[in-house]
Amino acid sequence: MSAPPSGTAGPAATDAPSVAAYPRRRSMGVDFGGTKLAYAYLGPDGIVANQLADPAYLREGPRGAAGDVLACLHDLERRGLPAPPAVGVGVAAQVTEAGAIRFAPNLGWRDVPFRSELENAVGLPTVVVNDVRAATWGEWQLGAGRGSADLVCLFVGTGVGGGIVSGGRVLEGASHIAGELGHTTLVAGGRICHCHNRGCLEAYVGGWAIAERAREVADAEPANGRALLDRVDRPEEITAATVGHAYRDGDPLARRLVEETAEYLASGVVGLVNGLNPRTVVLGGGVIEGLPELIPPVAEAVRTRTLPSAADIVRVAKAQLGESAVAVGAAFLAGRLLGPGEP
Ligand SMILES: [Zn+2]
């Protein structure tokens with residue numbers, strides 16, 4: 001059994017959950033990611049998380065997914081763990097309330113009755129949710145947002161997604177997509193975003209946007225961009241990770257890019273804190289994991305630039321569940337399908 005890694009920034013620290021925090025019912029969550037399959041098994045003793053190589057859904061599309069869920073169940077069996085009575089699934093997609101996938105741009109799936117297909121093939125009650133929504137549930141119930149009834153999660157990866165808990169409820173919105181915090185406009189008339197709007201938060205701090213900004217500045221200032229360009233064969237290969245590595249090596253241009261990214265992120269989070277009045281802001285995702293240095297300037301901006309009543313009670317924390325957040329949250333939601341466990 002492994003507890004999730006812990007890590008926080010801001011005035012109040014939290015620890016990894018005690019065993020008492022885990023649900024009594026066992027359940028499994030599966031994260032059908034854009035490039036990998038991860039699962040988490042949740043039970044009274046904690047979390048078991050694993051990834052499976054070469055999942056079928058990446059080759060065969062949705063019809064391969066049931067076999068992948070069964071492979072996760074077999075992996076649990078091999079570890080001697082009791083079979084879970086329910087399964088949760090997180091997928092990077094617009095998901096209807098009934099668990100159908102309306103559109104999954106990264107996977108190329110459209111209009112798939114995913115929940116009913118999985119239930120029929122696997123034979124277990126199943127819940128299907130958007131991956132970022134699942135990650136929000138994970139961080140809220142078992143991660144850095146534990147105990148907060150008012151929480152904003154911002155996951156900064158290639159794209160930027162989020163989730164909002166207000167008054168102890170995850171906000172769903174009128175058409176089930178509330179939490180798309182990456183697409184709040186930060187700069188009027190600014191950089192073009194993948195959503196077709198201009199100036200979105202994601203168009204500045206998403207991994208793709210950091211890479212794009214880095215390529216542009218390396219192109220415009222080749223002498224300053226030398227450290228970035230030397231790390232790749234072609235300028236198009238510069239990624240957010242390239243910037244992170246150059247930053248670690250003390251490259252001034254990478255430092256400038258990271259500082260600018262921190263300022264954009266801080267400005268976005270200040271707006272979210274004023275708008276939503278959370279007690280906790282959880283920052284996670286690949287960009288944050290790779291550049292945790294982004295968190296202190298965001299925490300400082302939240303402390304000094306938000307409205308005093310909001311600033312007084314809010315803390316900024318690093319996500320605790322890492323790459324397992326989607327699977328853990330999906331497992332938690334599957335457990336809720338079954339109602340409270342036996343005493
Ligand atoms: Zn956008």
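All values derive from a computational prediction rather than experimental measurement.

This part is about the nonpolar core. Core analysis: the largest hydrophobic core is formed by 51 residues, its most contacted members being L154, L265, V269 and L283. Ranked by residue count, the leading element in this core is helix α9 (residues 252-276), at 11 residues. If we skip the residues at most four places from it in the chain, L154 touches V160, G161, G162, L181, L201, L265, V269, L272, V282, L283 and G284. One finds F155, A327, F332 and A334 within the second-largest nonpolar core, a separate group that totals 32 residues.

All right, on to the coordination of the zinc ion then. Note on the zinc ion: its protein donors are H183 (ND1), C193 (SG), C195 (SG) and C200 (SG). The metal-donor distances range over 2.0 to 2.4 Å. What the four donor atoms of the zinc ion show is an angle range of 102 to 122° at the metal, which sorts the shape as tetrahedral. The partly exposed category is assigned to H183, whose relative accessible area is 26%.

Relative to strand β6 (residues 101-104), strand β5 (residues 94-95) runs antiparallel, the two sharing two bridges. Each bridged residue has a counterpart across the sheet, and for Q94 the counterpart in β6 is F103. Relative to strand β7 (residues 109-112), β6 is paired through three bridges, and the arrangement is antiparallel. Looking at β7, one finds that A104 is bridged to W109.

The subject of this paragraph is the sheet that holds strand β9 (residues 151-156). Strand pairing in a sheet relies on backbone hydrogen bonds, with the paired strands running either antiparallel or parallel. Strands sit in the order β11-β10-β9-β12-β13 across an open sheet of five strands; the sheet is mixed. Each of the sheet's edge strands pairs with one partner strand only, and the pair in question is β11 (169-170) and β13 (315-318). The pairing of β9 with strand β10 (residues 160-166) spans six bridges and is antiparallel. Bridged to F155 within β10 is G161. Running over the sheet, α9 touches β9, β10 and β12 (280-284) and is turned about 155° from β9.

Moving on, we get to the layout of surface pockets. Approximately 160 Å³ is the volume attributed to the second largest pocket. Taken together, T239, A240, A241, G244, H245, R248, G286, V287, G290 and L291 form the lining of the second largest pocket. Of all the secondary structure elements, the ones that give two or more residues to the lining of the second largest pocket are α8 (240-248) and α10 (286-290). Per-element accounting of the lining of the second largest pocket gives the leading share, five residues, to α8. Of the residues belonging to the lining of the second largest pocket, the class tally is four nonpolar, five polar and one charged.

Confidence in the prediction for the protein averages 91 pLDDT; 93% of positions are at 70 or higher. With pLDDT under 50 throughout, residues 1-16 is counted as low confidence; its partners more than four residues away or in other chains account for 41 contacts.

Here we take up α8. What α8 keeps buried is the set A240, T242, V243, G244, A246 and Y247. Its buried side turned inward, α8 meets α6 (207-220), α7 (226-229) and α9. Of the residues flanking the start of α8, the one acting as N-cap is T239, its side-chain oxygen 3.2 Å from the backbone nitrogen of A241. Downstream of α8 by a residue or two, G250 has a phi angle that is positive, lying close to 85°.

Along its 14 residues, helix α2 (residues 65-78) runs 20 Å from first to last C-alpha, staying within 8% of the 20 Å computed at 1.5 Å per residue. Restricting attention to buried positions, one finds in α2 the residues A65, A66, D68, V69, C72, L73, D75 and L76. At its buried positions, α2 is contacted by β1 (27-32), β2 (37-43), β3 (46-52), α1 (57-60), β4 (87-91) and α3 (114-122). Positive phi shows up at G80, right after α2, with a value of about 80°.

Tracing the sequence through the fold places P85 in the loop between α2 and β4. Apart from the residues within four sequence positions on either side, P85 is in contact with R26, L124, P125 and L338.

Here we take up the pairing of β1. Judged by how many residues are buried, β1 sits mostly within the fold: six of six residues are covered. The side-chain alternation of β1 yields two buried faces, one formed by S27, G29 and D31 and the other by M28, V30 and F32. Bridge count for β1 against β2 is six bridges, and the pairing is antiparallel. Counted as the bridge partner of F32 is L37 from β2.

All right, on to the side chain of N130 then. One can find N130 in strand β8 (residues 126-130). A distance of 3.0 Å separates a polar side-chain atom of N130 from the backbone nitrogen of R133. Those residues in contact with N130 that lie beyond four places of it in its chain are V91, A93 and V95.

Definitions and limits used
Residues numbered from 1 in each chain as written. Predicted model: local features only at pLDDT ≥ 70, side-chain atom pairs only at ≥ 80, totals over all residues. Heavy atoms only, no water. Core = buried A, V, L, I, M, F, W, Y, C linked by side-chain atoms within 4.5 Å. Buried < 20%, exposed > 50% of the residue type's maximum accessible area, 1.4 Å probe, protein only. Helix = DSSP H or I, 4+ residues; strand = E, 2+ residues; numbered from the N terminus. Contact = heavy atoms within 4.5 Å. Donors = N, O, S within 2.8 Å, 3.2 Å for Na, K, Ca; no water. Tetrahedral: all angles 85-135°; square planar, octahedral: opposite > 155°, others 65-115°. Pairing = 2+ DSSP bridges. Axes fitted to C-alpha atoms, helices over the stretch in contact; angles between N-to-C directions. 1 Å grid on protein atoms, 1.4 Å probe; cavity = no way out; pocket = protein on both sides within 12 Å on 5 of 7 lines; lining within 4 Å. Points joined across faces, edges and corners; volume = space filled by probe spheres on them. Nonpolar A, V, L, I, M, F, W, Y, C, P; charged D, E, K, R; others polar. pLDDT = per-residue confidence, 0-100. Polar contact = N/O pair within 3.5 Å; in protein donor to acceptor, adjacent residues only side chain to side chain. Expected span 1.5 Å × (residues − 1).

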